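One-letter residues, chain by chain:
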Amino acid sequence: MPGRRRLPVLAALATAIAFGGIAPAEAAAAPPPKYPVGNVGKALENYLTSPGRVAGANDWNCRPSRAHPVPVVLVHATFANQGANWAVLAPTLANAGYCVFALNYGMTPLSADRAGGLGDIAASAAALDAFVDRVRAATGARKVDVVGHSQGGMMPGYYIKRLGGAAEVRRFVALAPSNHGTTILGLVELGRQLNLLGFANDVLKTVGAPGLVQQEAGSDFQKALFADGDTVPGPAYTVIETRNDIVVTPYTNAFLHGPNVTNVLVQDQCPGDFVGHVGMFNDGPVIQNVLNALGPAKRGFRAACTDYGLPV
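The present account deals with the structure reproduced in this document. What you are looking at is a predicted structure, and each value in this text was computed from that prediction instead of being measured.

## Concerning unusual backbone geometry
Stage number 1. Cis peptide bonds are those with omega within 30 degrees of zero, and the linkage from Thr249 to Pro250 qualifies with -10°.
Stage number 2. Position of Pro250 among the secondary structure elements: in the loop between β5 (236–241) and β6 (261–265).
Stage number 3. Note the cis peptide between Gly295 and Pro296, where omega equals -5°.
Stage number 4. The residue Ala112 is not glycine, and still its phi comes out positive at about 55°.
Stage number 5. Looking at where Ala112 falls in the secondary structure, it is placed in the loop between β2 (100–103) and α5 (121–139).
Stage number 6. In the Ramachandran plot, His180 falls in the positive-phi region, its phi being about 60° despite a non-glycine side chain.
Stage number 7. Here His180 shows up in the loop between β4 (169–175) and α7 (187–193).

Printed below as a string of structure tokens:
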């Protein structure tokens, strides 16, 4: 093209790009997330059809990046499994660049391969210990971060305190954990007063659900676990709880005490968030607090009050 004609054409191209007529390569739309983030419907579907799989988790070829050098291990709640419990958080973390891993634990014949967390908690903690070793070996990471929900936010405390996990866990984030047990809205104490609790507990143990007994407030397991304090040196602990918890009661039992603990009450940030115990798994402020706790944690962090979870 002759020089005199080339200049007007180049000028026209530059004008078109500047006003959006032609998008340069750098302005191209970002690719969609690698993993679709689930919702309540997906969690229910996973509970039935893929209890041992969830989008974003257990890519054993994943290698931690410089931005996120510590793998994250997700630990589900009682009666739940990884497929259901982490339908939102696992893909969210994976899309953010984390290596994410999840396991099922505490399955007994009563579980039907879906309702986990029923088995003996010490045995579940041993299974978590072995799983963390596998994650560390596969990724080359010296430590992991642990995020757990309900029993999954308490049971890893046994692994950390009693099985050497303090040397293998950097950060432990617990969502509505059953720390210090639950009164089940006063039913545990009522059962004691009526001399019925022992019988009920024997039935639970017989049918294959000792993990339920061990989560009762005042149980022998709870007394032994916290007799020497709530935490141990090493990991940074974060507890995220809702005032509307009717599973862990009183809700304050979820909180831990120690120099390396941050306790977060969702309603202190978002008073209008009526999320319940179960709904922690899909609650926007909870997810934001998890991401903040995994780091770099911002002092005085406050979540945006949107996308509230189930009020149950």
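From this point on, the discussion continues.
## Quick notes on the environment of Asp133
Stage number 1. Within the secondary structure, Asp133 is located in helix α5.
Stage number 2. In this structure Asp133 comes out as partly exposed when scored by relative accessible area, which is 33%.
Stage number 3. In sequence terms Asp133 and Val144 are eleven residues apart; their C-alpha atoms lie 9.5 Å from each other.
Stage number 4. In this structure the side chain of Asp133 is engaged in a polar contact, spanning 3.2 Å, whose partner is the side chain of Arg136.

## Considering the state of the cysteines
Stage number 1. What the rule picks out here adds up to two disulfides.
Stage number 2. Through a disulfide, Cys62 is tied to Cys99; the S-S separation comes to 2.0 Å. Here Cys62 and Cys99 share a disulfide; its torsion about the S-S bond, -85°, makes the bridge left-handed. In this pair, Cys62 sits in the loop between α2 (40–49) and β1 (72–75) while Cys99 sits in the loop between α4 (89–95) and β2, placing the two residues 37 residues apart along the sequence. Comparing Cys62 with Cys99 shows no difference in burial state: the two are buried.
Stage number 3. Paired by a disulfide, Cys270 and Cys305 hold their sulfur atoms 2.2 Å apart. Sign of the S-S torsion, about -90° for the bond between Cys270 and Cys305, identifies this disulfide as left-handed. Placement of the pair is Cys270 in the loop between α11 (266–269) and α12 (284–294) and Cys305 in the segment after α12, with a sequence separation of 35 residues.
Stage number 4. Cys270 gets classed as buried once you look at its relative accessible area, which sits at 0%.

The rules behind the values
Residues numbered from 1 in each chain as written. Predicted model: local features only at pLDDT ≥ 70, side-chain atom pairs only at ≥ 80, totals over all residues. Heavy atoms only, no water. Helix = DSSP H or I, 4+ residues; strand = E, 2+ residues; numbered from the N terminus. Buried < 20%, exposed > 50% of the residue type's maximum accessible area, 1.4 Å probe, protein only. Polar contact = N/O pair within 3.5 Å; in protein donor to acceptor, adjacent residues only side chain to side chain. Disulfide = S-S within 2.5 Å.

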